[in-house]
Amino acid sequence: MALLQPKRTKYRKVFKGKRTGVSTRGNNVSFGQFGLKAMESGWLSSRQLESARRAMAHYTQRGGRIWIRAFPDKPVTKHPAESRMGSGKGDVEGYVAVMKPGQLIFEMGAVTEEIAKEALRLAAHKLPIATRFVEKR
């Protein structure tokens, strides 16, 4: 299981940031015919994205094309269990993609609408945020 993460980063640890506002970029279906759009803000971990991608690929029997529009580039830190308070920021535990309402998470192409709808529905069950099925206009 090859999880998505940056090859290298300028800074090892980053601030949490705010989860407000809507997506102004990456909110149109550009590559495929169908897409899965985020309807609320939140973080998607690289494990959640990989799990959703595998669900889609399994349902389509690796037919069609899948584009992952969300890239987990934000490091999330965590202290080890039963460690005392303080002593700075914890070690990097994994990477997350920051989602805002309107941003596309996945796109699909070269499949029928019924197959795409069901595959993206299965993928949406793996994600912690509300999503919507969208088509290219």
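Residues numbered from 1 in each chain as written. Predicted model: local features only at pLDDT ≥ 70, side-chain atom pairs only at ≥ 80, totals over all residues. Heavy atoms only, no water.

(A) Quick look at the sheet that holds strand S4 (residues 74–78). The strand order across the open sheet formed by three strands is S2-S5-S4, and the pairing between neighbours is antiparallel. Across the chains shown, the open sheet's two edge strands, defined by having one partner strand only, are strand S2 (42–45) and S4. Taken pair by pair, the neighbouring strands of this sheet meet at an average axis angle of 50°, ignoring direction. In this structure, S4 lies alongside strand S5 (residues 91–99), joined through five bridges in antiparallel fashion. Across the sheet, residue Thr77 finds its bridge partner in S5, namely Val92. Lying over the sheet, helix H1 (residues 46–59) contacts S2 and S5, oriented at roughly 65° with respect to S2. (Pairing = 2+ DSSP bridges. Helix = DSSP H or I, 4+ residues; strand = E, 2+ residues; numbered from the N terminus. Axes fitted to C-alpha atoms, helices over the stretch in contact; angles between N-to-C directions. Contact = heavy atoms within 4.5 Å.)

(B) Inspection of the packing of aromatic side chains at higher detail. Under the definition given, this model contains two aromatic pairs. Taking 6.1 Å as the distance between ring centres and 20° as the angle between the ring planes, the aromatic pair formed by Phe31 and Trp67 counts as stacked. With Phe31 in the segment before strand S1 (34–38) and Trp67 in strand S3 (residues 65–68), the pair connects residues that are 36 residues apart, well separated along the chain. Among the residues examined, Phe31 registers a relative accessible area of 48% and is labelled partly exposed. Measuring from centroid to centroid gives 5.7 Å for Phe34 and Phe133, while their planes differ by 20°, and the two rings are stacked. Linking Phe34 in strand S1 with Phe133 in strand S7 (residues 131–135), this pair joins segments that are 99 residues apart in sequence. (Phe/Tyr/Trp six-rings, centres within 6.5 Å; stacked < 30°, edge-to-face > 60°. Buried < 20%, exposed > 50% of the residue type's maximum accessible area, 1.4 Å probe, protein only.)

From the geometry alone we can't say anything about function, so treat these as descriptive.
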